[in-house]
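What follows is the residue order along each chain.
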Amino acid sequence: NILDVKVGLPDIREQRRISEKISFLNEALQKESSNLEKLKKQKNALMQDLLTGKVRVDALVNIVKC
């Protein structure tokens, strides 16, 4: 029964355009994922600095109050 199912396919030019868009989006997603990982590492490093007292919180609190 499944062999009798007809499926429409776009022409080859449309398939190429779709493929290019998917490739572009995949590349953008990889860049954003990489950027997210960098930001997570930066956040962890900053949290570690705050928790160990390497960076004083007093100065940050004064900035937020202004």
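Everything below is about the structure printed above this text.
Residues numbered from 1 in each chain as written. Predicted model: local features only at pLDDT ≥ 70, side-chain atom pairs only at ≥ 80, totals over all residues. Heavy atoms only, no water.

Draft legend 1. The overall build of the chain, seen in detail. The helix and strand tally for the chain stands at 2 helices and 0 strands. The C-alpha atoms of the chain give 25 Å as radius of gyration, which overshoots the globular expectation for 66 residues (11 Å, by more than 25%). Burial analysis of the chain (66 residues in total) assigns 0% to the buried set. Just so you have it, the chain exposes about 6,700 Å², and 59% of that area is on carbon and sulfur atoms. Averaging the coordinates of the 13 positive side-chain charges in the chain and doing the same for the 9 negative ones gives two points 5 Å apart. (Helix = DSSP H or I, 4+ residues; strand = E, 2+ residues; numbered from the N terminus. Rg over C-alpha atoms; globule rule 2.2 N^0.38 Å. Buried < 20%, exposed > 50% of the residue type's maximum accessible area, 1.4 Å probe, protein only. Areas by Shrake-Rupley, 256 points an atom, 1.4 Å probe, with all protein chains shown as cover. Lys, Arg positive; Asp, Glu negative; His and termini not counted. Charge placed at Lys NZ, Arg CZ, Asp CG, Glu CD.)

Draft legend 2. The pattern of salt bridges, seen in detail. Evaluation of the coordinates by the stated rule reveals 3 salt bridges. For R13, the salt bridge identified is with D11, shortest N-O distance 3.7 Å. What makes D11 partly exposed here is its relative accessible area of 41%. Between K31 and E27 there is a salt bridge; the shortest N-O distance is 3.5 Å. Of the two residues, K31 and E27 are both situated in helix α1 (residues 12-52); the distance of 4 residues between them amounts to about one turn of the helix. Taking the relative accessible area as the measure of exposure, K31 reaches 54% and is therefore exposed. Looking at E27, the relative accessible area reads 45%, which means it is partly exposed. (Salt bridge = Lys/Arg side-chain N within 4 Å of Asp/Glu carboxyl O.)

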